[in-house]
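So you can see what is in the structure, the chains are spelled out below.
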Amino acid sequence: MYVPGRLRELIRTIRTARTQAEEREMIQKECAAIRSSFREEDNTYRCRNVAKLLYMHMLGYPAHFGQLECLKLIASQKFTDKRIGYLGAMLLLDERQDVHLLMTNCIKNDLNHSTQYVQGLALCTLGCMGSSEMCRDLAGEVEKLLKTSNSYLRKKAALCAVHVIRKVPELMEMFLPATKNLLNEKNHGVLHTSVVLLTEMCERSPDMLAHFRKLVPQLVRILKNLIMSGYSPEHDVSGISDPFLQVRILRLLRILGRNDDDSSEAMNDILAQVATNTETSKNVGNAILYETVLTIMDIKSESGLRVLAINILGRFLLNNDKNIRYVALTSLLKTVQTDHNAVQRHRSTIVDCLKDLDVSIKRRAMELSFALVNGNNVRGMMKELLYFLDSCEPEFKADCASGIFLAAEKYAPSKRWHIDTIMRVLTTAGSYVRDDAVPNLIQLITNSVEMHAYTVQRLYKAILGDYSQQPLVQVASWCIGEYGDLLVSGQCEEEEPIQVTEDEVLDILESILISNMSASVTRGYALTAIMKLSTRFTCTVNRIKKVVSIYGSSIDVELQQRAVEYNALFKKYDHMRPALLERMPVMEKVTTNGPTEIVQTNGETEPAVLETKPPPSGLQPAGGSMLNLQKSLCLDVMEMTSVMLRMVSRFCKSPDHYFFSAGIPSITAYNKNGLKIDFTFERSNTNPSVTVITIQASNSTELDMTDFVFQAAVPKTFQLQLLSPSSSVIPAFNSGTITQVIKVLNPQKVSDSENS
Amino acid sequence: MINAVLVFNNHGKPRLVRFYQHLAEEVQQQLIRETFHLVLKRDEHICNFLECGSLFGGADYKLIYRHYATLYFVFCVDSSESELGILDLIQVFVETLDKCFENVCELDLIFHMDKVHYILQEVVIGGMVLETNMNEIVAQAEAQNKLEKAEGGLSAAPSRAVSAVKNINLPEIPRNINIGDINIKVPSLSQFM
């Protein structure tokens with residue numbers, strides 16, 4: 001009779017294989033032998049075969065044909081069989097296979113077995129991979145075992161109960177009576193798992209949480225005993241008595257004390273005691289301290305205790321052990337919102353961590369640094385952060401750049417500093433900057449009116465050498481397009497003006513257009529910039545015309561469309577060109593709300609800044625979206641006016657009979673983000689060349705829109721009169737509207753082209 | 001909750017693989033490979049925590065690892081476990097293995113994979129920590145081993161003394177050149193040769 005080989009021999013054989021192919025061959029041979037052995041229903045050697053199968057499974061080979069065999073082993077009477085059978089079930093089966101339900105009966109019998117180890121095996125398996133059906137069937141058995149006096153079984157039953165609760169939350173109630181005496185145990189294993197069970201129940205259900213709050217004094221007492229008990233050889237780890245249990249209890253105390261004054265007060269003393277008495281020379285001591293600090297920060301502790309906690313974290317930051325530093329940075333990140341001032345004291349240490357070699361520590365330090373920037377330290381912090389941006393790994397650059405932009409926007413001490421910082425970021429990490437940064441930057445530059453010359457000069461110099469970084473090139477082309485006249489005029493107050501001719505500027509823009517490195521979007525920017533320069537430059541208009549006409553046959557559809565439109569502008573609508581390509585108006589800038597305690601802006605910053613009402617703290621997220629709305633509104637202003645122009649032009653073109661028969665229907669000019677603006681048109685009774693447009697703005701979001709100002713612009717041939725609006729606040733939920741009357745006069749009654 | 005316990009050697013060969021969540025086989029093997037690559041890149045002086053969010057399908061997960069001679073012990077945990085606590089747990093697990101196998105080395109893990117699983121079962125159930133007292137764990141594992149031996153053990157043949165079983169390996173040891181620099185305490189060969 002063929003006797004299947006021992007596991008040991010299989011392992012030895014496989015280890016002699018010198019190549020992957022050899023190993024695969026051996027495994028396949030063995031699998032075939034095992035399969036035939038399984039078919040023969042060989043009871044004696046089944047356990048051996050399954051053991052070998054599990055080994056091969058670990059190496060990565062398929063072993064699913066052993067699943068049923070595991071079930072047969074579980075049903076066997078021998079402990080050896082059961083042991084390997086349960087292990088196989090845990091490794092090979094999961095609830096997605098229907099086969100697993102066959103285990104339920106076996107487990108049920110084994111839970112009532114006479115040998116505690118068999119019961120233990122059953123509990124272990126149920127706790128690892130029990131499906132919801134199995135858990136429902138067997139919850140009663142588990143609950144019974146939770147009340148047994150055998151501590152070995154009790155602790156396993158507790159963890160099994162946690163798994164049951166996770167799978168079938170409704171069964172939580174069932175385990176409640178059994179928990180009554182759990183904390184009275186002397187056995188630390190049972191105590192430990194009981195605390196885990198209590199933690200799970202408290203996290204899942206607020207009722208349970210309220211119910212278990214009364215256990216706080218008992219937990220405090222247990223913790224105290226652990227600390228004061230002196231040396232106990234069984235539970236000692238590096239001189240501390242059962243640190244694992246201490247950490248668990250601290251975590252449960254954290255959950256119980258959160259948002260509850262009485263519990264928090266009951267815990268204050270013990271927390272202070274643990275914080276001051278724990279040995280910190282070994283990792284275990286630090287683990288306990290770390291947990292204590294987290295608990296102190298999370299419950300309603302008194303301020304002295306909180307300061308103690310932050311100081312412990314500060315000490316951790318100076319520790320040589322990297323793990324401790326990492327852990328300290330993580331917890332400081334969690335607490336920086338609530339205890340900002342305390343964390344500020346450790347700012348220099350945190351900034352030093354930016355220079356650490358460890359990637360995980362650097363990331364944490366970067367996030368924390370951004371959280372700590374405020375009006376006072378912004379210059380120093382920015383210097384460090386820019387240096388970090390320069391030298392950090394590529395995976396950090398995008399986040400760092402965005403963070404710097406945000407911080408600079410909130411706390412810039414002066415416009416020039418702001419622009420310099422942006423320039424630094426664009427030149428250092430230009431290709432990692434996020435796409436949405438470009439329009440934000442453009443808006444920012446537009447608003448710093450006095451810095452235009454300086455900005456365009458610096459941008460020009462930046463792209464002179466290298467125009468591969470797309471965001472930088474986009475911003476630069478836009479600026480050159482807008483302020484090219486300032487560039488060539490050689491006026492610059494902030495720094496030494498450079499001498500640039502119109503041709504040189506056009507050279508750069510053309511090379512951007514031609515370059516292979518330029519993205520399609522960038523090319524669009526460059527072409528528009530060239531076009532705008534036709535009104536700002538005097539001698540090179542013909543060159544511009546030529547460039548624009550070349551791109552009229554470009555393969556890129558976007559470029560082609562632009563070029564054709566610009567060409568038309570040159571040919572047929574030359575009289576409109578100056579008006580259309582005028583300088584962009586200052587866009588309404590919106591300040592974002594920084595952390596409420598520390599917003600300090602220098603008086604120099606932008607008088608053009610629109611002071612928005614800070615949203616009440618509870619509504620912070622909604623306020624944020626409102627601010628985004630306003631931002632997008634600003635950028636949509638141009639879009640809206642172009643819509644309006646088109647309407648007006650069509651109106652003016654319309655022959656009189658059209659007017660008399662139908663009138664122009666009112667339109668919804670804008671309907672986005674909850675803001676809806678309707679235009680109704682009519683001719684003025686007094687003067688037929690005047691169109692009277694009534695706008696009605698309504699707001700369907702949850703917040704009132706304050707400081708709503710409608711602006712409009714028309715081509716030079718038209719005249720515009722804006723009468724005062726009914727109010728500047730649009731109430732929420734469509735409960736009211738703002739009405740404003742606009743009069744547009746078209747003196748020549750010339751029909752405009754559709755393109756305007 | 002502990003998501004996975006992985007032990008592999010310096011070349012990425014798995015020595016112990018235990019997942020506490022349901023994953024297909026190929027996914028498991030891929031995770032082992034990628035974890036190995038992540039951990040191999042780490043310098044000696046870097047902290048023992050790695051973020052591995054995309055690997056295990058959740059941004060919450062961290063890899064906590066320790067390097068002992070030729071073996072990496074890696075625990076994948078989520079935020080409900082204390083990082084420093086898990087480091088200590090790894091230490092407890094390794095010391096327990098040491099006690100059970102008498103100066104454990106990689107060979108012990110290779111040839112007694114099932115025993116290592118049983119010991120792990122006494123420490124962690126369903127991703128949660130069960131017992132941290134080394135003596136308890138060792139005592140319980142020993143008791144169960146005795147039960148098994150009384151029945152005839154895995155080999156289903158009457159068992160001899162444990163040392164006799166260990167002797168079978170002796171001729172093999174000089175041939176296993178891939179054990180590299182492990183600290184092996186081999187009983188003096190002269191007695192048995």
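The present account deals with the structure reproduced in this document.

Conventions adopted
Residues numbered from 1 in each chain as written. Chains lettered and ligands numbered in written order. Predicted model: local features only at pLDDT ≥ 70, side-chain atom pairs only at ≥ 80, totals over all residues. Heavy atoms only, no water. Helix = DSSP H or I, 4+ residues; strand = E, 2+ residues; numbered from the N terminus. Buried < 20%, exposed > 50% of the residue type's maximum accessible area, 1.4 Å probe, protein only. Areas by Shrake-Rupley, 256 points an atom, 1.4 Å probe, with all protein chains shown as cover. Expected span 1.5 Å × (residues − 1). Polar contact = N/O pair within 3.5 Å; in protein donor to acceptor, adjacent residues only side chain to side chain. Pairing = 2+ DSSP bridges. Axes fitted to C-alpha atoms, helices over the stretch in contact; angles between N-to-C directions. Contact = heavy atoms within 4.5 Å. Buried area = accessible area lost by both parts, 1.4 Å probe. Salt bridge = Lys/Arg side-chain N within 4 Å of Asp/Glu carboxyl O. Nonpolar A, V, L, I, M, F, W, Y, C, P; charged D, E, K, R; others polar. Core = buried A, V, L, I, M, F, W, Y, C linked by side-chain atoms within 4.5 Å. Domains from an automatic or database assignment. Phe/Tyr/Trp six-rings, centres within 6.5 Å; stacked < 30°, edge-to-face > 60°. Lys NZ or Arg CZ within 6 Å of the ring centre and 35° of its normal. Disulfide = S-S within 2.5 Å.

### Some details on the overall build of chain B
Then, number 1: When its secondary structure is counted, chain B shows six helices and seven strands.
Then, number 2: Moving toward the C terminus, one meets the helices and strands of chain B in the order β-β-α-β-β-β-α-α-α-β-β-α-α.
Then, number 3: Scored against the burial criterion, the 193 residues of chain B give a buried share of 58%.
Then, number 4: Only carbon and sulfur atoms are counted for the fraction: they give 53% of the accessible area of chain B, which is about 8300 Å².

### Notes on the overall build of chain A
Then, number 1: Looking only at helices and strands, chain A has 33 helices and seven strands in total.
Then, number 2: The proportion of buried residues among the 756 residues of chain A is 56%.
Then, number 3: Carbon and sulfur atoms make up 51% of the accessible area of chain A, which amounts to about 33200 Å² in all.

### As for helix α10 (residues 188–204) of chain A
In an α-helix there are 3.6 residues to a turn, and that puts residues three or four apart on one side.
Residue and element names in this part refer to chain A.
Then, number 1: If you check α10, its first and last C-alpha atoms are 24 Å apart, about what 17 residues at 1.5 Å a residue would give, namely 24 Å.
Then, number 2: Taking burial as the measure, the 17 residues of α10 include 15 buried ones, the bulk of the element.
Then, number 3: N-capping of α10 is provided by Asn 187, with a side-chain oxygen placed 2.6 Å from the backbone N of Gly 189.

### Remarks on the sheet that holds strand β4 (residues 62–68) of chain B
Residues and elements named next belong to chain B.
Then, number 1: Spatially, β2-β1-β5-β4-β3 is the arrangement adopted by the five strands of the open sheet, whose pairing is antiparallel. Looking at which strands have only one partner, the edges of the open sheet turn out to be β2 (14–19) and β3 (49–51). This sheet shows a mean twist of 20° between the axes of neighbouring strands, independent of strand direction.

### Focus on the interface of chain B and chain A
Then, number 1: In this complex, chain B contributes 71 residues to the contact, which on the side of chain A involves 72 residues.
Then, number 2: Between chain B and chain A the total buried area reaches about 6400 Å² when both faces are included, carbon and sulfur atoms providing 57% of it.
Then, number 3: For the pair chain B and chain A, the interface holds eight salt bridges.
Then, number 4: Residues B:Glu131 and A:Lys155 are paired through a salt bridge, measuring 2.7 Å at the closest nitrogen-oxygen approach.
Then, number 5: Run the count over chain B and chain A and you get 18 residue pairs in polar contact (both at pLDDT 80 or more).
Then, number 6: Elements with a minimum of two residues in the side of chain B that touches chain A: β2, α1 (25–40), β3, α2 (83–101), α3 (106–111), α4 (113–123), β7 (128–129) and α5 (134–151) of chain B.
Then, number 7: Per-element accounting of the side of chain B that touches chain A gives the leading share, nine residues, to α5(B).
Then, number 8: Within the side of chain B that touches chain A, the residues separate by chemical class into 31 nonpolar, 22 polar and 18 charged.

### Re the nonpolar core
Then, number 1: Counting 224 residues, the largest nonpolar core has A:Phe175, A:Ile249, A:Val505, B:Ile2, B:Phe73 and B:Phe93 as the members making the most contacts within it.
Then, number 2: In terms of residues, this core owes the most to one element, α2(B), which gives 11 residues.
Then, number 3: Two domains each put at least three residues into this core: domain 1 (205–301) and domain 2 (434–632) of chain A.
Then, number 4: In this view, A:Phe175 contacts A:Ala139, A:Val142, A:Glu143, A:Leu146, A:Ala161, A:Val164, A:Ile165 and A:Met201; residues no more than four positions away in its chain are not counted.
Then, number 5: With 49 residues, the next largest nonpolar core counts A:Leu7, A:Cys47, A:Val50 and B:Tyr118 among its residues.

### Here we look at the pattern of salt bridges
All names here are of chain A.
Then, number 1: Evaluated as defined, the whole model comprises 46 salt bridges over all chains.
Then, number 2: The shortest N-O distance in the salt bridge between Arg 325 and Asp 356 comes to 2.7 Å. One end of the pair, Arg 325, is in helix α17 (residues 322–335); the other, Asp 356, is in the loop between α19 (347–353) and α20 (359–372), and 31 residues separate them in sequence. The same class applies to Arg 325 and to Asp 356, which are both buried.
Then, number 3: What you see here is one network of salt bridges that share partners, running through Arg 251, Arg 254, Arg 258, Glu 291 and Asp 298.

### Things to note about the packing of aromatic side chains
Then, number 1: Evaluated as defined, the whole model comprises nine aromatic pairs over all chains.
Then, number 2: Ring centres of B:Tyr68 and B:Phe73 lie 5.6 Å apart, and the angle between their planes is 90°; this geometry places the pair in the edge-to-face category.
Then, number 3: Judged by relative accessible area, B:Tyr68 falls into the partly exposed class, the value being 22%.
Then, number 4: On the basis of relative accessibility, which here comes to 4%, the residue B:Phe73 falls in the buried class.
Then, number 5: On the numbers, 6.1 Å between centres and 80° between planes, the contact of B:Phe73 with B:Phe93 is edge-to-face. Residue B:Phe73 is located in strand β5 (residues 71–77), and its partner B:Phe93 is located in helix α2; the two are separated by 20 residues in the primary sequence. The same class applies to B:Phe73 and to B:Phe93, which are both buried.
Then, number 6: What links up through ring pairs into an aromatic cluster is the set B:Phe8, B:Phe36 and B:Tyr72.
Then, number 7: Lying across the ring of A:Phe65, A:Arg35 places its NZ or CZ 4.4 Å from the centre.
Then, number 8: Here the guanidinium or amino end of A:Arg83 rests over the ring plane of B:Tyr118, the centre of that ring lying 3.8 Å away.

### Section: helix α24 (residues 437–447) of chain A
Then, number 1: For α24(A), the tally of buried residues reaches nine of 11 residues, placing the bulk of the element in the interior.
Then, number 2: Looking only at α24(A), the buried set comprises A:Ala437, A:Val438, A:Leu441, A:Ile442, A:Gln443, A:Leu444, A:Ile445, A:Thr446 and A:Asn447.

### Some thoughts on unusual backbone geometry
Both trends apply: most residues other than glycine have a negative phi, and most peptide bonds are in trans.
Then, number 1: For A:Asp242, which is not glycine, the phi torsion reads 40° and is therefore positive.
Then, number 2: On the basis of relative accessible area, A:Asp242 is assigned to the buried category, the value being 5%.
Then, number 3: With phi around 60°, B:Asn103 is a residue other than glycine that occupies positive phi space.
Then, number 4: If you trace the backbone, B:Asn103 turns up in the loop between α2 and α3.

### Some words on the pairing of strand β3 (residues 667–672) of chain A
Residues and elements named next belong to chain A.
Then, number 1: Relative to strand β4 (residues 675–683), β3 is paired through five bridges, and the arrangement is antiparallel. Looking at the pairing, Asn 671 lines up with Lys 676 of β4.
Then, number 2: Remark: two residues form the turn of the hairpin made by β3 and β4, two consecutive strands paired antiparallel; Asn 673 in that turn has positive phi of roughly 55°.

### Examining the state of the cysteines
All names here are of chain A.
Then, number 1: What the rule picks out here adds up to zero disulfides over all chains.
Then, number 2: Looking at Cys 124, it has no disulfide partner, and the nearest cysteine sulfur is the one in Cys 128, 4.5 Å off.
Then, number 3: Free cysteine: Cys 135, not disulfide-bonded; nearest cysteine sulfur from Cys 160 at 6.9 Å.
Then, number 4: Since its relative accessible area comes to 0%, Cys 135 is described here as buried.

### Concerning the side chain of A:Ser515
Residue and element names in this part refer to chain A.
Then, number 1: Residue position: Ser 515 is located in the loop between α27 (502–514) and α28 (520–536).
Then, number 2: Among the residues examined, Ser 515 registers a relative accessible area of 11% and is labelled buried.
Then, number 3: Excluding residues that lie within four positions of it along the chain, Ser 515 makes contacts with Tyr 467 and Arg 523.

### Looking at the sheet that holds strand β7 (residues 737–745) of chain A
Residue and element names in this part refer to chain A.
Then, number 1: Strand order across the open sheet formed by five strands is β3-β4-β5-β7-β6, with antiparallel pairing between neighbours. The open sheet has two edge strands, β3 and β6 (719–722), and neither has a second partner. Sheet twist, expressed as the average angle between the axes of neighbouring strands with direction ignored, equals 20°.

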